[in-house]
Amino acid sequence: MRDYFADDLLLIMPNTHSPGVRLSGEVVSTHRGPLALALTDQTQAHGKARPQDPAQADDILLDLTGVRYLANSGLETLVAFACHLQPPQCLVVRTTAELGLRDRITARGWDRIETLRLEDA
């Protein structure tokens, strides 16, 4: 990732201990591009790096624990990204109950996507 992305609503930073990014703030429709770019950059960098934990070697972590609001367009972006991964790669979304992602994803049938996994914080 190009170090980080920041605007008045959102901060995107690379994770320090695992491939992926962490977000803080609010994700709205204008953040679709930066979010997709950050995830793509991490996937490409991940392919070149040596994993610290072989059991999680193919996981890309999206940490949403600092997010107060996630628009449907942001959710669609992360689902589209997950759909383009090839198993055993997986997008692991760490989230809080306040975002209601488990219900939102299940309601759309996205809970059956093999390359998308939710993790409660």
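For clarity, every value in this text was computed on a predicted model and none was experimentally measured.

Peer 1: It is not clear to me how helix 2 (residues 72–83) should be interpreted in this structure. Could you clarify?
Peer 2: Given 3.6 residues per helical turn, the α-helix brings residues three or four places apart onto the same face. With twelve residues, helix 2 extends 16 Å from end C-alpha to end C-alpha; this agrees with the ideal 16 Å at 1.5 Å per step. Within the span of helix 2, buried status applies to Ser 73, Gly 74, Leu 75, Thr 77, Leu 78, Val 79, Phe 81 and Ala 82.

Peer 1: For this particular structure, what's the right way to read the environment of Thr 30?
Peer 2: Here Thr 30 lies in the loop between strand 3 (20–27) and helix 1 (32–48). Judged by its relative accessible area of 60%, Thr 30 falls in the exposed class. It is 8.8 Å that separates the C-alpha atoms of Thr 30 and Ser 73, two residues lying 43 residues apart in sequence.

Peer 1: I keep staring at the nonpolar core and nothing clicks. Help me out?
Peer 2: Leu 23, Leu 62, Leu 64, Leu 78 and Leu 91 are the most contacted members of the largest nonpolar core, which totals 28 residues. When residues of this core are traced back to their parent elements, those giving at least two are strand 2 (10–14), strand 3, helix 1, strand 4 (59–70), helix 2, strand 5 (90–95), helix 3 (101–107) and strand 6 (116–120). Leave out the neighbours within four places in its chain, and Leu 64 touches Leu 23, Leu 70, Leu 78, Val 93, Arg 94, Leu 99 and Leu 101.

Peer 1: Quick question: what am I supposed to make of the sheet that holds strand 5 here?
Peer 2: Within a beta sheet, neighbouring strands are joined by backbone hydrogen bonds and run either parallel or antiparallel to one another. Spatial ordering of the open sheet is given by 1-2-3-4-5-6, a layout of six strands whose pairing is mixed. In this open sheet, the two edge strands, each paired with only one partner strand, are strand 1 (5–6) and strand 6. As paired strands, strand 3 and strand 4 are joined by seven bridges and run parallel to one another. Paired with Ser 24 across the strands is Gly 66, a residue of strand 4. Its contacts with the sheet place helix 2 against strand 3, strand 4, strand 5 and strand 6, and it is angled at close to 175° to strand 4.

Peer 1: Explain unusual backbone geometry here, please?
Peer 2: Backbone geometry follows two general trends: most residues other than glycine have a negative phi, and most peptide bonds adopt the trans configuration. That bond from Pro 87 to Pro 88 is cis: its omega, 15°, falls within 30 degrees of zero. Topologically, Pro 88 is positioned in the loop between helix 2 and strand 5.

Peer 1: Whenever I open this one, the pairing of strand 6 confuses me. Can you help?
Peer 2: Every other side chain in a regular strand lies on the same face of the sheet, so the side chains alternate between the two faces. Looking at chain direction, strand 5 and strand 6 are connected through five bridges and run parallel. Residue pairing in the sheet places Thr 95 in a bridge with Asp 120 of strand 6. Chirality of the crossover, the property in question, places the unit of strand 5, helix 3 and strand 6 among those that are right-handed.

Peer 1: Just checking my understanding: could you explain the pattern of salt bridges for this structure?
Peer 2: Opposite charge on two side chains lets them pair, provided their charged atoms get close. Enumeration according to the criterion identifies six salt bridges in this entry. When the shortest N-O distance is used, the salt bridge between Asp 59 and Arg 117 registers 3.1 Å. Residue Asp 59 is found in strand 4, and its partner Arg 117 is found in strand 6; the two are separated by 58 residues along the sequence. One network of salt bridges, with partners in common, ties together Asp 63, Arg 94 and Glu 119.

What counts, and at which threshold
Residues numbered from 1 in each chain as written. Predicted model: local features only at pLDDT ≥ 70, side-chain atom pairs only at ≥ 80, totals over all residues. Heavy atoms only, no water. Helix = DSSP H or I, 4+ residues; strand = E, 2+ residues; numbered from the N terminus. Expected span 1.5 Å × (residues − 1). Buried < 20%, exposed > 50% of the residue type's maximum accessible area, 1.4 Å probe, protein only. Core = buried A, V, L, I, M, F, W, Y, C linked by side-chain atoms within 4.5 Å. Contact = heavy atoms within 4.5 Å. Pairing = 2+ DSSP bridges. Axes fitted to C-alpha atoms, helices over the stretch in contact; angles between N-to-C directions. Right-handed = clockwise from strand over helix to strand, strands pointing away. Salt bridge = Lys/Arg side-chain N within 4 Å of Asp/Glu carboxyl O.

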